[in-house]
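# A closer look at the structure
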Amino acid sequence: MTLRGFLQGTLEVQAVGNVEVFLSHAAREELYFSLPTRLDDLTLRFSVSPKSYKKLRLPARRAGVRLHLLRKRGLPFLLRPLRHRFGLWAGLFAVLLLLILSTAFLWTVEVEGVSPATSSLIRETLSDHGLRPGSLQNRQDAEHLRRMLLMEIDCLDFAAVNLYGSRAVVVATEAAPLPESEYPEISTPADLVACKDGYLLETRIHRGEQLIFPGSAVRAGEIIASHLVHGIVPGTKEFSGTVRYEHAHGVVLARTYGQISMVMPKDLLQKVHDGREFTQNRFFFAERPIFFSSGYGNSTLECDKIEERLDLSLPGGNLLPIARRTVTHRPYQLIPGTVSREEALVCMGSYLKEYLVSSATDGLLEEFQATLTEEDSLWRLDAEYFMTEDIGKVVTLTLTP
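This write-up is about the structure you can find in this document. (Residues numbered from 1 in each chain as written. Predicted model: local features only at pLDDT ≥ 70, side-chain atom pairs only at ≥ 80, totals over all residues. Heavy atoms only, no water.)

### Notes on a positive patch on the surface
Stated precisely, the cut-off is as follows: Within the patch definition used here, like charges are joined within 9 Å and nonpolar side chains (Val, Leu, Ile, Met, Phe, Trp, Tyr) within 5 Å, considering only residues with over 30% relative accessible area and no salt bridge. Methods summary: accessible areas were calculated by the Shrake-Rupley approach with a probe of 1.4 Å, and residue burial reflects only the protein chains presented. For this analysis, a salt bridge means a side-chain nitrogen from Lys or Arg found within 4 Å of a carboxyl oxygen belonging to Asp or Glu. Note on charges: Lys and Arg go in the positive column, Asp and Glu in the negative column, and His and the chain ends are not counted at all. To locate a charge, the coordinates of NZ of Lys, CZ of Arg, CG of Asp or CD of Glu are taken. We count a stretch as a helix when DSSP gives it H or I for four or more residues in a row; a strand needs E for two or more, and each element gets its number in order from the N terminus. Using a 1.4 Å probe on the protein chains alone, a residue whose accessible area is under 20% of its type maximum counts as buried, one over 50% counts as exposed, and one in between counts as partly exposed.
Together, K54, R57, R61, K72, R80 and R83 line one region of the surface with positive charge. Structurally, R83 is set in the loop between α5 (75-79) and α6 (86-102). Accessibility expressed as a relative area gives 52% for R83, which makes it exposed.

### Re the sheet that holds strand β3 (residues 43-48)
The cut-off we apply is this: In this analysis, strands are considered paired if DSSP registers two or more bridges between them. A fitted line through C-alpha atoms represents every axis, and for helices the fit uses only the stretch in contact; the resulting angles, taken between N-to-C directions, go from 0 to 180 degrees. Here, two residues are considered to be in contact whenever any of their heavy atoms come within 4.5 Å of each other.
With antiparallel pairing, the four strands of this open sheet are ordered in space as β2-β3-β1-β4. Each of the sheet's edge strands pairs with one partner strand only, and the pair in question is β2 (34-40) and β4 (66-73). For this sheet the average axis-to-axis angle between neighbouring strands, irrespective of direction, equals 20 degrees. Summarising the sheet, β2 and β3 pair through four bridges and their orientation is antiparallel. When the bridges of β3 are listed, S34 appears paired with S47. Against the sheet, helix α2 (residues 19-28) touches β1 (10-16), β2, β3 and β4, its axis set at about 30 degrees to β3.

### Let's talk about the pattern of salt bridges
In this structure the tally under the stated criterion is 21 salt bridges. K271 is paired through a salt bridge with D304; the nearest N and O atoms lie 3.1 Å apart. Taken together, the residues K271 in strand β16 (residues 267-273) and D304 in strand β19 (residues 303-313) connect sequence positions 33 residues apart. Residue K271 is classed as partly exposed on the basis of its relative accessible area of 44%. Taken together, the shared-partner salt bridges connect E143, R146 and R147 into one network.

Take a look at the structure:
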């Protein structure tokens, strides 16, 4: 039984007599049946809605057919024995009213991404500022609470407060602990070196003594900022003779050059959709599926599956514990095809550009020149590129006491 049939009700009817004439008269009245089954020459069994069943009496009388009602199914027939139980409906109304009113309050406060000790501290801080289970949801300011967390809890590096109806979810990240050192009076010594060959465009050294400046070419492994910082005599440029150790770090923007290659087969299986779509709707209450309709969809494995979720809410924006999930299946066939020269150039070129930018730190692709060649059953793309990226790499040193 479908969802529509369940909501409006379904009657199982058996017609006995001249069923051919009966079907002709019913078609003239634009009355149609569901699941018609021919039992013998004079007997027909089918399903019909209660509204259509009343209209079948005239075609049945004209054809001399007798209608026998076999079974009643659906929501109206389930609720009919309960229509005079006013206490039940009053209780249901009260439960729905309490459910609607309860969505205006916070039920849970969840903390993610931190240790249990920090999570407990976050809950206490939020409780002091009014965010706790049982508080009104519309009185909470997520941005104000986020700033309070970062100001009052020193160990947090990031925090975000998200309000989802009756749930408050706090996503936080703890700051990385400072590196331990054998010498408490100094930080862990480290050099800032170049991880690639390039031409320095800009440097922002936060700690350490800078050795190579913008406008110079560097090789991979060269020290750009040293952990050895020499003291200067005040008012002069002379070294004072004192040396201290620093954990050098900073930003080193350089223009780099490189070569990269990629191959692609000429013959590939291409996906061709046949234009059909099969949709399946499921409802969930408190993340549990509601089985009041038969599932339908596409049973083949070769199809694209697209899932969408809709959380039902009240006009005020408060979420209800009811959600609908729609799954759309789009069948396709894999057909052998040949990749043209233009398609191979566009596909491999875009992939290499995305790979270069994603693999670099603060990378910006400036120039990209590609050459496409043919090798047996493959397409080969050879490219040269210029990029602007951060090539600074912190290398920690171990000093002997």
